[in-house]
Amino acid sequence: MYEKLSRSGETTLGYEVREVLTEEQLNEILTELEEAIATHGSVRLLVYMPSMPYPEISALDDDLGFWLRHSENIDRYAVDGDGDLLEWASNVADRVTEPDVKYFEEDALDTAWDWVETGTTDTE
């Protein structure tokens with residue numbers, strides 16, 4: 001299940017992802033991102049995961065394909081959630097992918113939005 005966050009704009013998109021994320025739901029998100037990239041050239045992305053979602057296995061191929069095609073079109077990618085695995089995965093992604101990826105604790109959603117929108121936080 002996912003929901004587009006109300007603070008989303010044309011080039012800064014945010015989603016809350018919970019529980020099981022189906023292939024169809026992931027494709028809806030990826031289509032919206034691809035349309036924004038086609039229109040604006042690049043996007044900034046925030047994904048809020050208050051609990052670790054479980055994607056359908058078939059959705060993982062779509063997600064990987066999207067990153068291979070579009071990682072250079074994502075300026076910043078904020079991951080906000082609760083869990084060591086999310087933090088670890090975000091740190092790895094920041095080292096091996098084109099976009100800047102930054103992890104934020106679950107209670108720091110406003111700070112994550114500030115960073116994804118501007119590249120800075122109040123603490124920087």
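Up top you'll find the structure we're talking about.
Fair warning: this is a prediction, and the values are worked out from it, not measured in the lab. (Residues numbered from 1 in each chain as written. Predicted model: local features only at pLDDT ≥ 70, side-chain atom pairs only at ≥ 80, totals over all residues. Heavy atoms only, no water.)

## Quick look at the overall build of the protein chain
In terms of regular secondary structure, the protein chain is built from 4 helices and 7 strands. Considering only intrachain contacts with a sequence separation of at least 6, the fraction spanning at least 24 residues in the protein chain is 68%. By element, 48% of the accessible surface of the protein chain is carried by carbon and sulfur atoms, the whole surface being about 6900 Å². (Helix = DSSP H or I, 4+ residues; strand = E, 2+ residues; numbered from the N terminus. Contact = heavy atoms within 4.5 Å. Areas by Shrake-Rupley, 256 points an atom, 1.4 Å probe, with all protein chains shown as cover.)

## A closer look at unusual backbone geometry
Even without glycine at this site, E19 takes up a positive phi of about 55 degrees. As for its placement among the helices and strands, E19 is situated in the loop between β2 (12-17) and β3 (20-21). Using a relative accessible area of 51% as the deciding quantity, one classes E19 as exposed. (Buried < 20%, exposed > 50% of the residue type's maximum accessible area, 1.4 Å probe, protein only.)

## Some thoughts on helix α1 (residues 23-40)
Across its 18 residues, α1 extends 25 Å between first and last C-alpha, which sits within 8% of the 26 Å expected from 1.5 Å per residue. Once α1 finishes, G41 follows within two positions and takes phi at roughly 90 degrees, a positive value. (Expected span 1.5 Å × (residues − 1).)

## A closer look at the packing of aromatic side chains
This model, assessed by the stated rule, comprises 2 aromatic pairs. A ring pair is formed by F104 and W115, whose centres lie 6.0 Å apart and whose planes are at 50 degrees; its orientation type is tilted. In this pair, F104 sits in strand β7 (residues 100-105) while W115 sits in helix α4 (residues 109-118), placing the two residues 11 residues apart along the sequence. Across this residue pair, the class does not change: F104 and W115 are buried. (Phe/Tyr/Trp six-rings, centres within 6.5 Å; stacked < 30°, edge-to-face > 60°.)

## Things to note about α4
Taken together, the buried positions of α4 are A112, W113, W115 and V116. Along the long axis of α4, the arc covered by the buried residues comes to 165 degrees, so they all point the same way. Among the exposed residues of α4, those oriented more than 90 degrees off its buried face are D110 and T118. Downstream of α4 by one or two residues, G119 has phi in the positive range, about 90 degrees. (Arc of directions from axis to C-beta.)

## Quick look at the pairing of β2
Along any regular strand the residues' side chains alternate between the sheet's two faces. In terms of residue burial, β2 counts as a mostly covered element, since 6 of its 6 residues are buried. Judged by which residues are buried, β2 turns out to be covered on both faces: T12, G14 and E16 on one side and L13, Y15 and V17 on the other are all buried. Where strand β1 (residues 2-4) lies against β2, 3 bridges are found, and the strand directions are antiparallel. Note on β2: the bridge partner recorded for Y2 is V17. (Pairing = 2+ DSSP bridges.)

## What to know about the sheet that holds strand β4 (residues 43-49)
Judged by pairing direction, the sheet is mixed, and its 5 strands sit side by side in the order β1-β2-β4-β6-β7 without closing on themselves. Single-partner strands in this sheet number two, and they are β1 and β7. Direction aside, the axes of adjacent strands within the sheet are offset by 20 degrees on average. Pairing of β4 with strand β6 (residues 74-81), which is carried by 7 bridges, proceeds in the parallel orientation. Paired with R44 across the two strands is R76, which belongs to β6. Running over the sheet, α1 touches β1, β2 and β4 and is turned about 175 degrees from β2. Contacts from α4 reach β2, β4, β6 and β7, with the element oriented near 175 degrees to β6. (Axes fitted to C-alpha atoms, helices over the stretch in contact; angles between N-to-C directions.)

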